[in-house]
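# Remarks on the overall topology
The primary structure of each chain is shown beneath.
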Amino acid sequence: MEIFTCNLDGSDLKQITTLGKANWAPYFLPKGNKIIFASNHHSKRGFDFQLYIINVDGTGLEAVTKESYFNAFPMFSPDGKKLIWSSNRKNHGTRDTNLFIADWVDQ
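So, here is what we can say about the structure in this document.

## Points about unusual backbone geometry
The phi dihedral of Ala-25 is positive, around 55°, even though this residue is not glycine. Here Ala-25 shows up in strand S3 (residues 23–28).

Here it is in structure tokens:
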């Protein structure tokens, strides 16, 4: 499962990730030059999903999260100042998944 972009009509298909495993739940950063997504490409077990950012040309992969074993579904507030995502961090060993909101400083 890799991340691709294309025009609304399906033209100009471009592959963004080539990481292997599951790369999913992509969302454009407010400026439109990067994509945030969930991936388990680094995981030996396969379930450890973290959030990553990548440039729209497929360069500059950067980890955003590293805590817990499930982080996914990232989205930005309309003004681009907040990031919300789901995570199982601080669930005390249960399967509970909660929403987390963080201030976002775009660099």
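Now that the structure has been shown, we can carry on.
## A short note on the nonpolar core
Counting 15 residues, the largest nonpolar core has Trp-24, Leu-29, Ile-36, Phe-76, Leu-83 and Trp-104 as its most contacted members. When residues of this core are traced back to their parent elements, those giving at least two are S3, strand S4 (34–39), strand S5 (50–55), strand S7 (71–76) and strand S8 (82–87). In this structure, Trp-24 is in contact with Met-1, Ile-3, Phe-37, Ala-38, Phe-49, Phe-70, Ala-72 and Phe-73, ignoring residues within four places of it in sequence.

## Some thoughts on the sheet that holds strand S9 (residues 98–103)
Read across the sheet, three strands follow the order S7-S8-S9 without closing on themselves; strand pairing throughout is antiparallel. Where the open sheet ends on each side, the last strands, each with one partner, are S7 and S9. Each strand of the sheet is rotated relative to its neighbour by a mean of 25°, with strand direction disregarded. Bridging between S7 and S8 involves four bridges; their strand directions are antiparallel.

## Observations concerning the pattern of salt bridges
Inspection of the entire model under this criterion finds four salt bridges. For Asp-12, the salt bridge is made with Lys-14, and the minimal N-O distance between the two is 3.5 Å. Classification of Lys-14 as partly exposed rests on a relative accessible area of 43%.

## Considerations on the side chain of Gln-50
Examined against the element boundaries, Gln-50 turns out to sit in strand S5. Assessed through its relative accessible area of 3%, Gln-50 is described here as buried. Within the structure, Gln-50 has its side chain in polar contact with the side chain of Thr-65 (distance 2.8 Å). A distance of 3.0 Å separates the side chain of Gln-50 from the side chain of Asn-71, its partner in a polar contact.

## Some words on the sheet that holds S4
Spatially, four strands are ordered S3-S4-S5-S6 in an open sheet, and the strand pairing comes out antiparallel. This sheet does not close on itself; its edge strands, each paired only once, are S3 and strand S6 (62–63). Relative to S4, S3 runs antiparallel, the two being bridged by four bridges. The partner of Trp-24 across the bridge, within S4, is Ala-38.

## Overview of the environment of Asn-40
Summarising the element assignment, Asn-40 is placed in the loop between S4 and S5. In this structure the C-alpha to C-alpha distance between Asn-40 and Asp-103, which are 63 residues apart in sequence, comes to 24 Å. With near-sequence residues (within four places) excluded, Asn-40 lies in contact with Lys-21, Ala-22, Gly-46, Phe-47, Asp-48 and Phe-49.

Thresholds applied
- Residues numbered from 1 in each chain as written.
- Predicted model: local features only at pLDDT ≥ 70, side-chain atom pairs only at ≥ 80, totals over all residues.
- Heavy atoms only, no water.
- Helix = DSSP H or I, 4+ residues; strand = E, 2+ residues; numbered from the N terminus.
- Core = buried A, V, L, I, M, F, W, Y, C linked by side-chain atoms within 4.5 Å.
- Buried < 20%, exposed > 50% of the residue type's maximum accessible area, 1.4 Å probe, protein only.
- Contact = heavy atoms within 4.5 Å.
- Pairing = 2+ DSSP bridges.
- Axes fitted to C-alpha atoms, helices over the stretch in contact; angles between N-to-C directions.
- Salt bridge = Lys/Arg side-chain N within 4 Å of Asp/Glu carboxyl O.
- Polar contact = N/O pair within 3.5 Å; in protein donor to acceptor, adjacent residues only side chain to side chain.

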